Amino acid sequence: MTDVQNQVAIVTGASRGIGAAIARRLAADGFAVVVNYAGSTDAATKLVDGIKKTGGRAVAVQADISDPSAVKRMFDSVEASHGGVDVLVNNAGIMKLAPVAQTDDATFDRTIAVNLKGTFNGMREAAKRLRDGGRIVNFSSSVVGLYQPAYGVYAATKAAVEALTHILAKELGPRRITVNAVAPGPVATELFFEGKDQATIDSIKQMNPLGRLGEADDIAAVVSLLVGPDGGWINGQVVRANGGVV
Ligand code: NDP
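Residues numbered from 1 in each chain as written. Predicted model: local features only at pLDDT ≥ 70, side-chain atom pairs only at ≥ 80, totals over all residues. Heavy atoms only, no water.

Colleague: So, the overall build of the chain: which residues are in play, and what are the values?
Modeller: Across its full length, the chain carries nine helices and seven strands. Relative to a compact globule of 246 residues, whose C-alpha radius of gyration would be 18 Å, the chain shows 17 Å and is just as compact. Counting only residues that meet the buried cut, the chain has 48% of its 246 residues in that class. Pairs at least 24 apart in sequence give 75% of the contacts found in the chain among residues at least 6 apart. Distance between charge centres in the chain, computed from 25 positive and 24 negative side chains, equals 4 Å. (Helix = DSSP H or I, 4+ residues; strand = E, 2+ residues; numbered from the N terminus. Rg over C-alpha atoms; globule rule 2.2 N^0.38 Å. Buried < 20%, exposed > 50% of the residue type's maximum accessible area, 1.4 Å probe, protein only. Contact = heavy atoms within 4.5 Å. Lys, Arg positive; Asp, Glu negative; His and termini not counted. Charge placed at Lys NZ, Arg CZ, Asp CG, Glu CD.)

Structure below.
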């Protein structure tokens, strides 16, 4: 892949947070970007308008990634409108924290459905339909490594995503499609802040050698490398982008 101007990137969960930063960054890099979201139509539309105002190319496409037929429909619609797909950034995810003893079935099932099955749904569709030379970037987390209490089910889904990443990289190598995962540490987004008081946030900042939380743009920069012309030799890797916390 050299000329990203002819390339199309789907970013799942791009209506806010890390996904929105990735969409903005890839559009600035020259990709035509598909801003996927589940429910936040207004935020996704606003992001697309913002990208267009700065000269980028973007469209919003609704699809709940936990639904395989919705993911298939998203690829159908992007192929119809753009002629093909080159990059899938499997960013959408949810995080509900609870110790194992207090985790209810609904939380377990939904976390698996979005983080593991949803990422799998995207990987499977991309494996069938990405143009040769394409790129897949999955989202893990540095909790795979830190293994803090209360992150059990969430960490389990991310560890499973890492396993799928290594295997799909081997399966798609013959078509020159790379498959990697990014594993951020704590990043200042709604997902991270939900349910945390200021003292907890401060202690998490202090744990980090660089003394701060990650910003969504820190992570978007890593994705930009992995999907861009300089990232082609990075394959089957999990890139922990976390300021050195683990
Ligand atoms: P946010 O909660 O800020 O944003 C999540 C995004 O995912 C939203 O755009 C949301 O859109 C979308 N989304 C949620 N469920 C679905 C679904 N079923 N189908 C499609 N889209 C969906 O999360 P972050 O930006 O913080 O996280 C992005 C990724 O990074 C996740 O995979 C997360 O696990 C990972 N990560 C985050 C870290 C952090 O500290 N923030 C650390 C390590 C990893 P909508 O509102 O429309 O549902």
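Colleague: Lay out the packing of aromatic side chains in plain terms, naming residues and giving numbers.
Modeller: If you walk through the whole model with that rule in mind, you get one aromatic pair. Geometrically, the ring pair formed by F192 and F193 is edge-to-face, given 5.3 Å between the ring centres and 70° between the ring planes. Residue classification places F192 among the buried positions, given a relative accessible area of 5%. The residue whose ring lies beneath K196 is F192, and the NZ or CZ to ring-centre distance is 4.3 Å. (Phe/Tyr/Trp six-rings, centres within 6.5 Å; stacked < 30°, edge-to-face > 60°. Lys NZ or Arg CZ within 6 Å of the ring centre and 35° of its normal.)

Colleague: An account of the side chain of E125 is needed here, citing residue identities and associated values.
Modeller: Among the secondary structure elements, E125 is positioned in helix α4 (residues 105–129). The exposure class of E125 is buried, given its relative accessible area of 7%. The residues touching E125, leaving out its near neighbours within four places in the chain, are V71, K72 and F75.

Colleague: Residue-level account of the site of the ligand, with values.
Modeller: The environment of the ligand is made up of 33 residues, and the closest members are S15, G39, S40, Y154 and T189. The side chain of K158 places a nitrogen or oxygen atom 3.0 Å from an oxygen atom of the ligand. Contacts to the ligand include V187, whose backbone N or O atom sits 2.8 Å from an oxygen atom. For the shell around the ligand, the elements supplying multiple residues, two or more each, are α1 (17–29), β2 (32–37), α4, α6 (152–172) and α7 (190–193). Among the elements that line the shell around the ligand, the one with the most residues is α7, at three residues. Considering only residue class, the shell around the ligand consists of 16 nonpolar, twelve polar and five charged. (Near = heavy atom within 4 Å. Polar contact = N/O pair within 3.5 Å; in protein donor to acceptor, adjacent residues only side chain to side chain. Nonpolar A, V, L, I, M, F, W, Y, C, P; charged D, E, K, R; others polar.)

Colleague: Explain the nonpolar core residue by residue, including any values.
Modeller: Of all hydrophobic cores here, the largest spans 34 residues; its most connected members are I22, L26, V89, F139 and V182. For this core, the secondary structure elements donating two or more residues are β1 (8–11), α1, β2, α2 (41–53), β4 (87–90), β5 (135–139) and α9 (216–227). Not counting chain neighbours up to four residues away, the residues in contact with L26 comprise A9, V11, F31, V33, V89, S224 and V227. Core analysis: the second largest hydrophobic core is formed by 25 residues, I10, A32, A92 and A169 among them. (Core = buried A, V, L, I, M, F, W, Y, C linked by side-chain atoms within 4.5 Å.)

Colleague: Go over the sheet that holds β4, please, and point to the residues and values.
Modeller: Pairing in this open sheet of seven strands is parallel, and the strands run β3-β2-β1-β4-β5-β6-β7 from one edge to the other. Two strands lie at the open edges of the sheet, namely β3 (57–62) and β7 (238–241), each paired on one side alone. Sheet twist, expressed as the average angle between the axes of neighbouring strands with direction ignored, equals 20°. Looking at chain direction, β1 and β2 are connected through four bridges and run parallel. Note on β2: the bridge partner recorded for I10 is V34. Those strands touched by α2 are β2 and β3, and its axis lies near 170° from that of β3. With respect to the sheet, α4 is in contact with β4, β5 and β6 (178–184), its orientation differing from that of β4 by roughly 170°. (Pairing = 2+ DSSP bridges. Axes fitted to C-alpha atoms, helices over the stretch in contact; angles between N-to-C directions.)

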